[in-house]
Amino acid sequence: MALNLIMLGPPGAGKGTQAARLAARHRIPHVSTGDILREAVQRGSEFGRAAQAVMASGHLVSDDIMVGIVRERLDRPDAQPGFVLDGFPRTVAQATALDGLMAGRDPLIVLEVAVEEDELRRRLLSRTICVDCGSSPTADPSIASCPQCGGRLVQRADDEERVIRERFAVYARDTRPLVDYYRVRPTFRAIDGRGPVADVTKALDAAIDALGPSPRARNAGSAT
Ligand code: AMP
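Residues numbered from 1 in each chain as written. Predicted model: local features only at pLDDT ≥ 70, side-chain atom pairs only at ≥ 80, totals over all residues. Heavy atoms only, no water.

1. Regarding the packing of helix H6 (residues 117-126) against helix H7 (residues 161-175)
Stage number 1. One way to put it is that H6 packs onto H7 with a least axis distance of 11 Å and a crossing angle of 140°. In terms of orientation, H6 and H7 fall into the oblique class. For the crossing formed where H6 meets H7, the hand is right-handed. Where H6 abuts H7, its residues Glu117, Leu120, Arg121, Leu124 and Leu125 lie against Glu161, Ile164, Arg165, Arg167 and Phe168. (Axes fitted to C-alpha atoms, helices over the stretch in contact; angles between N-to-C directions. Helix = DSSP H or I, 4+ residues; strand = E, 2+ residues; numbered from the N terminus. Parallel < 35°, antiparallel > 145°, perpendicular 65-115°, else oblique. Left-handed = near helix turned anticlockwise from the far one by under 90°. Contact = heavy atoms within 4.5 Å.)

Have a look at this one:
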């Protein structure tokens, strides 16, 4: 059985950090739509330039484009044993489309990482991102270069006070309703995202163990 995970939660809740840890631990790809868009921006394609303008404003890229990107990504062979989706879906239309893409696949496990807004704002204003590998070390001003690759750390262009305000408004209007959309499913869990990173990972893993296929069933699935 595949381990198909979605991480829900507001900007700064730690979805990216946790998704990367879960992906490594369960050997499934971490699919971050924000990272995919930032890579397109770095390549400087026409699409990248259009996406950059939308992201810089704190608004959302259109549902059609995002669903197309995710469909293509989840069809690749490495996502057949499962995936961790981070930053998608972000609207009810995207969630409905994802349910369509999941037809014939194992059920989604939906993990909401909950953190209150003051703490989110603090995290977003102090976090950095590596210009080379895109990883986002935990906010610690004493870390001058990327622990993964040694690259330079900068503030994310959209982690600026005015854009943060807009992203929270967009989250409340477009993405928060997804919690109600998924809450009614037996494969939904909300996790407290406030503690140390390792504690949050432990809580997420406990939820996955309770909800998901056993490691044995997963191995049996990938062997066939
Ligand atoms: P993130 O790294 O997930 O915070 O995403 C950064 C920005 O990329 C967002 O503020 C949006 O502008 C855009 N973005 C990422 N994922 C999506 C999505 N699923 N739908 C629409 N826009 C997205």
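2. Focus on helix H2 (residues 33-43)
Stage number 1. Three or more residues of H2 are buried, namely Thr33, Gly34, Leu37 and Ala40. Each buried residue of H2 lies within a common arc of 125° when the element is viewed along its axis, so the set occupies one face. Residues of H2 that are exposed and point more than 90 degrees away from the buried face comprise Gln42 and Arg43.
Stage number 2. Looking one or two places after H2, you find glycine 44, whose phi comes out positive at around 75°. (Buried < 20%, exposed > 50% of the residue type's maximum accessible area, 1.4 Å probe, protein only. Arc of directions from axis to C-beta.)

3. Digging into the packing of helix H1 (residues 15-26) against helix H9 (residues 197-211)
Stage number 1. Direction vectors running N to C along H1 and H9 enclose 55°, while the axes themselves pass 10 Å from each other. Considering their axes alone, H1 and H9 lie oblique with respect to each other. H9 is crossed by H1, and the crossing has right-handed handedness. Only Val197, Ala198, Val200, Thr201, Leu204, Asp205 and Ile208 of H9 make contact with H1, whose side of the interface consists of Thr17, Gln18, Arg21, Leu22, Arg25 and His26.
Stage number 2. Split into classes, the residues belonging to the contact of H1 with H9 amount to 6 nonpolar, 4 polar and 3 charged. (Nonpolar A, V, L, I, M, F, W, Y, C, P; charged D, E, K, R; others polar.)

4. Topic: unusual backbone geometry
Stage number 1. Cis geometry is found at the peptide bond from phenylalanine 88 to proline 89, where omega equals 0°.
Stage number 2. Within the secondary structure, proline 89 sits in the loop between strand E3 (82-86) and helix H5 (92-101).
Stage number 3. In this structure, arginine 27 is a non-glycine residue whose phi angle is positive, near 55°.
Stage number 4. Examined against the element boundaries, arginine 27 turns out to sit in the loop between H1 and strand E2 (30-32).
Stage number 5. On the basis of relative accessible area, arginine 27 is assigned to the exposed category, the value being 74%.

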